[in-house]
Amino acid sequence: MADVDTRPAIHAPNIRPIISENLRTASTRPRIAFDPEKHLVYREDPPVLTLRDIGVSENVGISPVAISDPFPLFSEEAITHMRNEIFTNEVWDNCLYSTDFAGCQLRGHCPKYAPFMYDAWKNPKTLAIVSKIAGVDLVPVIDIEIGNINISVQDPLKNYQKQEKQSDDDVPVTKWHVDSYPFVCVVMMSDASQMVGGETAIQTGSGDLIKVRGPQMGSGVVLQGRHITHQALAAVGGTERITMVTAFRPRDPLIPDSSVLTTIRPITNLSDLYFQWTEYRVEVLQERLRLMLEFLREQHHAHKPTDATKIKEFLQQQADWLSITNKEIVHN
Ligand SMILES: [Fe+2]
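Values in this document were obtained by computation on a predicted structure and should not be read as measured data. (Residues numbered from 1 in each chain as written. Predicted model: local features only at pLDDT ≥ 70, side-chain atom pairs only at ≥ 80, totals over all residues. Heavy atoms only, no water.)

**As for the overall build of the protein chain**
To be explicit about the condition: A helix here means a DSSP run of H or I that spans at least four residues, while a strand means a run of E at least two residues long, and both kinds are numbered starting from the N terminus. Throughout this description, buried means an accessible area under 20% of the type-specific maximum (1.4 Å probe, protein chains only), exposed means over 50%, and partly exposed covers the range between. We call two residues in contact when some of their heavy atoms are within 4.5 Å. Computed with the Shrake-Rupley method and a 1.4 Å probe, the accessible areas treat only the protein chains shown as cover for residues.
From N to C terminus, the protein chain includes nine helices and 15 strands. Per-residue burial over the protein chain gives 48% buried out of 332 residues. Partitioning the contacts of the protein chain with sequence separation of at least 6, the portion at a separation of at least 24 is 83%. Accessible surface, the protein chain: about 16600 Å² in total, of which carbon and sulfur atoms supply 53%.

**Regarding helix α8 (residues 270-301)**
This is how it is decided: Every helix has an expected span of 1.5 Å times one less than the residues it contains. Polar contact is defined as a pair of N or O atoms within 3.5 Å, subject to the rule that within protein one atom must be able to donate a hydrogen and the other to accept it, and that residues adjacent in sequence are counted only when both atoms are side-chain atoms.
Its 32 residues give α8 an end-to-end C-alpha distance of 46 Å, which sits within 8% of 46 Å, the value for a rise of 1.5 Å per residue. Within α8, the full set of buried residues consists of Leu273, Tyr274, Gln276, Trp277, Tyr280, Arg281, Val284, Leu285, Arg288 and Met292. In this fold, the buried residues of α8 make contact with β15 (240-250) and α9 (308-327). Two or three places before Ser271, at the start of α8, stands the capping residue Asn269, its side-chain oxygen 3.0 Å from that residue's backbone nitrogen. Two residues or fewer after α8 comes His303, characterised by a positive phi angle close to 60°.

**Focus: the coordination of the iron ion**
Rules: Any N, O or S atom lying within 2.8 Å of the metal counts as a donor, with the limit raised to 3.2 Å for Na, K and Ca; because water is left out of the atom set, some sites can appear incomplete.
Around the iron ion, the protein contributes the donor atoms His177 (NE2), Asp179 (OD) and His230 (NE2), at 2.1 to 2.2 Å from the metal centre. Spacing between the donor residues of the iron ion along the chain follows H-x1-D-x50-H. Placement of the pair is His177 in the loop between α7 (156-164) and β8 (183-188) and His230 in strand β13 (residues 230-232), with a sequence separation of 53 residues. Each member of the pair His177 and His230 is classed as buried.

**Considering the environment of Asp191**
Its place among the elements puts Asp191 in the loop between β8 and β9 (196-197). The sequence separation of Asp191 and Thr239 amounts to 48 residues, and the corresponding C-alpha distance is 9.2 Å. A polar atom in the side chain of Asp191 sits 2.6 Å from the side chain of Ser193.

**Structural notes on helix α6 (residues 124-134)**
Of all the residues in α6, the buried ones are Thr126, Leu127, Ile129, Val130, Ser131, Ile133 and Ala134. N-capping of α6 is provided by Asn123, with a side-chain oxygen placed 2.9 Å from the backbone N of Lys125. Taken from the residues just after α6, Gly135 is the one with a positive phi, measuring 80°.

**Thoughts on the nonpolar core**
Proteins that are soluble and globular tend to have nonpolar side chains buried together. Defined as follows: To form a nonpolar core, buried Ala, Val, Leu, Ile, Met, Phe, Trp, Tyr and Cys residues must be joined to one another through side-chain atoms within 4.5 Å.
Among the nonpolar cores identified, the biggest contains 44 residues, and Phe74, Met117 and Trp121 are the most heavily contacted of them. Elements with a contribution of two residues or more to this core: α3 (76-86), α4 (89-94), α5 (115-122), α6, β7 (148-153), β8 and β15. Ranked by size, the runner-up nonpolar core spans 26 residues in total, among them Val221, Tyr274, Trp277 and Leu285.

**Notes on the pattern of salt bridges**
Here is the rule: Here a salt bridge means any side-chain nitrogen of Lys or Arg lying within 4 Å of a carboxyl oxygen belonging to Asp or Glu.
Using the criterion set out here, one finds twelve salt bridges in the structure. A salt bridge links Glu240 to Arg83, with the shortest nitrogen-to-oxygen separation between them at 2.9 Å. With Glu240 in strand β15 and Arg83 in helix α3, this residue pair connects regions lying 157 residues apart in the sequence. Glu328 is paired through a salt bridge with Arg265; the nearest N and O atoms lie 3.1 Å apart. Here Glu328, found in the segment after α9, pairs with Arg265, found in the loop between β15 and α8; they are 63 residues apart in sequence, far enough to count as distant.

**Examining the side chain of Thr263**
Along the chain, Thr263 falls in the loop between β15 and α8. Side-chain polar atoms of Thr263 contact the side chain of Ser180, separated by 2.8 Å.

**Notes on unusual backbone geometry**
A cis amide bond links Cys110 to the next residue, Pro111, at an omega of 0°. Along the chain, the position of Pro111 falls in the loop between β5 (105-106) and α5. Unlike most non-glycine residues, His303 shows phi in positive territory, near 60°. Looking at the secondary structure, you find His303 in the loop between α8 and α9.

**Notes on the confidence of the model for the protein chain**
Condition: Across the chain, each position has a pLDDT score giving the predictor's confidence in that residue, from 0 to 100.
Taken as a whole, the protein chain shows an average pLDDT of 88; of its residues, 87% reach a score of 70 or greater. Note on residues 159-168: pLDDT is under 50 here. Beyond four places in sequence and across chains, it has nine contacts.

**Here we look at the pairing of strand β10 (residues 200-203)**
Test applied: Whether two strands pair depends on DSSP finding at least two bridges between them.
For β10 and strand β11 (residues 209-212), the ladder comprises four bridges, and the chain directions are antiparallel. Across the sheet, Gln203 pairs through a bridge with Leu209, a residue of β11. Here β10 folds back onto β11 in antiparallel fashion, the turn holding five residues, of which Gly207 has a positive phi close to 90°. Sheet analysis places β10 next to β13, joined by three bridges and oriented antiparallel. Following the sheet pairing, Thr200 is matched in β13 by Ala232.

Structure below.
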């Protein structure tokens, strides 16, 4: 989800055989309900690095938080249910994307093919945890951005060779980038206990590099990815590395939201994307206009003078909002 590769995604038939023996048909499984009491294992607030800590101006973000340490979020049982939902023929037939940026991604499976995963991320208790750590009340941007899956499967021989020469590790698996959406929560879905590396590297205001360790299975990391330049570093050890990424925006419509679709269009069904994008952008605008009108009427009925400067500023902000909303829909 970076502002880099805009080439169209291609399907990746060469990836599938490695995983395909485990694929099943979704309908053979009973539907399991997400239960926050059982499936959330969050205990306490993890340490965070703030924008100030990394020398980035606090004005650029929507909260003081840059990135969190890994924290336990979903139970092993929850991760098992989620893995069962994505390792199905339906998901691999319909939701697989491959680009230079990410060789194997599953996108757009929520809620249709992964109702448990969808419910997990939409649950108010999950959102409360992510929001508390992020320092701002968040909701998933749109359904398409819930539970995106990044998969890398490692060649054991290559692994061995890499571990042999550990000194030149820090192999980036993504370029330096910023995300298209304000916040992300990245959750590990593989057994990472034997993995070395897999950190998120972030750039400080002075150009230095800070590495934040990667999460263990079921744990997550919260990152203000729209405003922090970052890259994922390669992990060695373990045969597969599967991460689940959900993107967030502020719940409060009055908080600035700098979302764009730059890196999203090439890896998304455009009909679904433009529906969900337009729906969310218009809903936010409707709410802003409703609140503004309510305020204006109150002022007027209280015989207060009309603040034309404020009105013009507000209207300009909404004109910009609509302009970006329109610009991000690229009509071929
Ligand atoms: Fe990113």
